[in-house]
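Now for the letters of each chain:
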Amino acid sequence: MRKLVVATKNLGKAREIAEMMADMPFEIVSLADYPDAPEVQESGATFTENAIIKATAYARFTGELVLADDSGLEVDALGGAPGVLSSRFAPTDSERNQRLLDLLHDVANDKRTARFRCVVAVAEPDGDTLTCEGSVEGLISREPKGENGFGYDPVFYVPELDKHFAELTPAQKNALSHRGRALEKAKAMLAAR
Ligand code: ITT
């Protein structure tokens, strides 16, 4: 079976991707199997650029098929921030969530619209690359809620479900998340090759 290297250092992402890819005919391996893998600078201005930068760099390094994910949260009241800088918004998940809640303190409920976006890139060692996007709309809540997931999941509220992302099971989150939607498309493209 062909290897597929999931090139992320984010354990929350890695878990979700491994679960979604489990029914594909690949041996899923992680970057932990490549301790000498270099740091890759996410110098792009968009999710797509950064996903391609990561996937192609690790495909060249490992000589295997590589899947990378670049994702983040866009908050309308902040002009789309933190966006591609989501992982650099503050040092830890809880500080990032608190900073977001503080910045939105005076923003009315109906103006707290936001979306998670994800671009998945799959690259061959020769540079051949495909990309797929997914997004999901929601609201930034006033307090964190839920223990599941990672990152901004405790402050991302989906009105249709009356739930925060961190209150969803992994399967429920994958069924409608930005990452789940991008990966469904990537799986279809990989299966059609
Ligand atoms: P890799 O580059 O190693 O994959 P990273 O965490 O640095 O890990 P990104 O640059 O793509 O990845 O940053 C994505 C950030 O966006 C992530 O750290 C979270 O803060 C946030 N994020 C993305 N998807 C999320 C999700 O499903 N739930 C909550 N937060 C998410």
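Computed from a predicted structure; not experimentally measured.

Criteria and thresholds
- Residues numbered from 1 in each chain as written.
- Predicted model: local features only at pLDDT ≥ 70, side-chain atom pairs only at ≥ 80, totals over all residues.
- Heavy atoms only, no water.
- Helix = DSSP H or I, 4+ residues; strand = E, 2+ residues; numbered from the N terminus.
- Buried < 20%, exposed > 50% of the residue type's maximum accessible area, 1.4 Å probe, protein only.
- Lys, Arg positive; Asp, Glu negative; His and termini not counted.
- Salt bridge = Lys/Arg side-chain N within 4 Å of Asp/Glu carboxyl O.
- Polar contact = N/O pair within 3.5 Å; in protein donor to acceptor, adjacent residues only side chain to side chain.
- Contact = heavy atoms within 4.5 Å.
- Near = heavy atom within 4 Å.
- Nonpolar A, V, L, I, M, F, W, Y, C, P; charged D, E, K, R; others polar.
- Axes fitted to C-alpha atoms, helices over the stretch in contact; angles between N-to-C directions.
- Parallel < 35°, antiparallel > 145°, perpendicular 65-115°, else oblique.
- Left-handed = near helix turned anticlockwise from the far one by under 90°.
- Expected span 1.5 Å × (residues − 1).

*Asks:* When you look at the side chain of R112 in this model, what are you seeing that I'm missing?
*Replies:* Inspection of the secondary structure puts R112 in the loop between helix 3 (93-103) and strand 4 (113-123). Of the side chains bearing the opposite charge, D106 lies closest to the buried R112, which forms no salt bridge; the N-O distance is 8.0 Å. At 2.7 Å, the side chain of R112 forms a polar contact with the backbone oxygen of I140. Not counting residues up to four positions away in its chain, the partners in contact with R112 are L101, L104, V107, G138, L139, I140, S141 and R142.

*Asks:* Got a minute to help me understand the site of the ligand in this structure?
*Replies:* What surrounds the ligand is a group of 20 residues, the closest being T8, K9, K54, D153 and K173. R179 is positioned such that a nitrogen or oxygen atom in its side chain is 2.9 Å from a nitrogen atom of the ligand. Where the shell around the ligand is concerned, the elements lending two or more residues are strand 3 (65-75) and helix 5 (178-191). With 4 residues, the top contributor of residues to the shell around the ligand is strand 3. Residue composition of the shell around the ligand, grouped by class: 3 nonpolar, 8 polar and 9 charged.

*Asks:* Sorry, what's going on with the packing of helix 1 (residues 11-21) against helix 5 here?
*Replies:* Two quantities define a packed helix pair, namely the angle between the helix axes and the distance between the axes. Close contact between helix 1 and helix 5 brings their axes to 10 Å; oriented N to C, the two are set at 40°. The angle between helix 1 and helix 5 falls in the class oblique. Helix 1 and helix 5 meet at a crossing whose hand is right-handed. Across the interface between the two elements, K13, E16, I17, M20 and M21 of helix 1 pack against R179, G180, L183, E184, K187 and L190 of helix 5. The class makeup of the residues in the contact of helix 1 with helix 5 is 5 nonpolar, 1 polar and 5 charged.

*Asks:* Looking at this structure, I do not really get helix 2 (residues 47-62). What am I missing?
*Replies:* Three or four residues apart is the spacing at which side chains of an α-helix point the same way, because the helix has 3.6 residues per turn. The end-to-end C-alpha distance of helix 2 is 22 Å, a good match for the 22 Å that 16 residues give at a rise of 1.5 Å each. Every buried residue belonging to helix 2 is among F47, N50, A51, K54, A55, T56, Y58, A59 and T62, and all of these are buried. Among the residues trailing helix 2, G63 stands out with phi positive, at a value near 75°.

*Asks:* When you look at the side chain of T8 in this model, what are you seeing that I'm missing?
*Replies:* Tracing the backbone shows T8 in the loop between strand 1 (2-6) and helix 1. Note on T8: relative accessible area 12%, which makes it buried. Engagement of the side chain of T8 in a polar contact is seen with the backbone nitrogen of N10, the distance being 3.0 Å. Sequence-distant contacts of T8, that is, excluding residues within four places in its chain, are made with K13, A14 and L31.

*Asks:* How should I be thinking about the pattern of salt bridges in this particular structure?
*Replies:* Oppositely charged side chains can pair when the atoms bearing their charge come close. Evaluation of the coordinates by the stated rule reveals 19 salt bridges. Salt-bridge contacts for D23 lead to K187; the nearest nitrogen and oxygen are separated by 2.9 Å. Here the residue D23 occupies a position in the loop between helix 1 and strand 2 (26-30), and K187 occupies one in helix 5, the gap between them amounting to 164 residues. The class for K187 is buried, based on a relative accessible area of 10%. In this structure, E74 and R117 form a salt bridge, with 2.9 Å as the shortest nitrogen-oxygen distance. Residue E74 is located in strand 3, and its partner R117 is located in strand 4; the two are separated by 43 residues in the primary sequence. Overlapping salt bridges, with partners in common, bring together K13, E16, D69, D153, K173 and R179 in one network.

Functional significance is not addressed by these values, which are geometric in nature.
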